[in-house]
Amino acid sequence: GVRFALPDGTTGCGVTADLSDRGVGFVSYTPVAKGARIEVRLIGGGEDVTLTGKVVRADRMAFDRTLSGAGYRVGVELDELSGPALDAVNRITYH
């Protein structure tokens, strides 16, 4: 899963859709502005790693009556990863 925080204090969570050592894509019900700096915490496969980056995609998805709202597809270009963070992302990716 994904938890995130923006500099303005906005926080949210989401479901990971894509993950690599260069970026993460997720779906959330919290709107996020394209261009915003973001802190992303990835939890999965026994790993828990916090990364930083820039929102490069923030598209509103169609309203879903079943889920009572619209979701947002968010893409984050990650800042360069350190050795331990890169190892954690790789373990999450290949888990």
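Description of the overall build of the protein
What the protein contains, in helices and strands, is one helix and six strands. For a compact globule of 95 residues, the expected C-alpha radius of gyration is about 12 Å, and the protein comes in at 13 Å, within 12% of that figure. Structurally, the protein occupies a C-alpha span of about 40 × 25 × 20 Å along its principal axes. Going through the 95 residues of the protein one by one, you find that 36% of them count as buried. When the accessible surface of the protein is totalled, it reaches about 5,700 Å², and 49% of it is carbon and sulfur.

Focus: the nonpolar core
Grouped together as the largest cluster of nonpolar side chains are 23 residues, with contacts concentrated most on I38, L42, L51 and V76. Of all the elements in the fold, those that place two or more residues in this core are β1 (2–5), β3 (23–28), β4 (37–44), β5 (47–64), β6 (69–78) and α1 (83–93). Among residues more than four places away in sequence, those in contact with L51 are I38, E39, V40, L42, L78, L81, A85 and V89.

Here we look at the packing of aromatic side chains
Tallied over the full model, the rule gives one aromatic pair. Aromatic side chains F4 and F26 sit 5.4 Å apart centroid to centroid with 35° between the ring planes, which places their arrangement in the tilted category. Highlighted residues: F4 in strand β1 and F26 in strand β3, separated in sequence by 22 residues. Per residue, the accessibility class of F4 equals that of F26, and both read buried.

A word on α1
Residues lying three or four places apart along an α-helix face the same way, a consequence of the helix completing one turn every 3.6 residues. When we look at burial in α1, the residues that qualify are A85, A88, V89 and I92. One side of α1 carries all its buried residues, which in axial view fall inside an arc of 100°.

Definitions and limits used
Residues numbered from 1 in each chain as written. Predicted model: local features only at pLDDT ≥ 70, side-chain atom pairs only at ≥ 80, totals over all residues. Heavy atoms only, no water. Helix = DSSP H or I, 4+ residues; strand = E, 2+ residues; numbered from the N terminus. Rg over C-alpha atoms; globule rule 2.2 N^0.38 Å. Buried < 20%, exposed > 50% of the residue type's maximum accessible area, 1.4 Å probe, protein only. Areas by Shrake-Rupley, 256 points an atom, 1.4 Å probe, with all protein chains shown as cover. Core = buried A, V, L, I, M, F, W, Y, C linked by side-chain atoms within 4.5 Å. Contact = heavy atoms within 4.5 Å. Phe/Tyr/Trp six-rings, centres within 6.5 Å; stacked < 30°, edge-to-face > 60°. Arc of directions from axis to C-beta.

These figures capture arrangement, not role.
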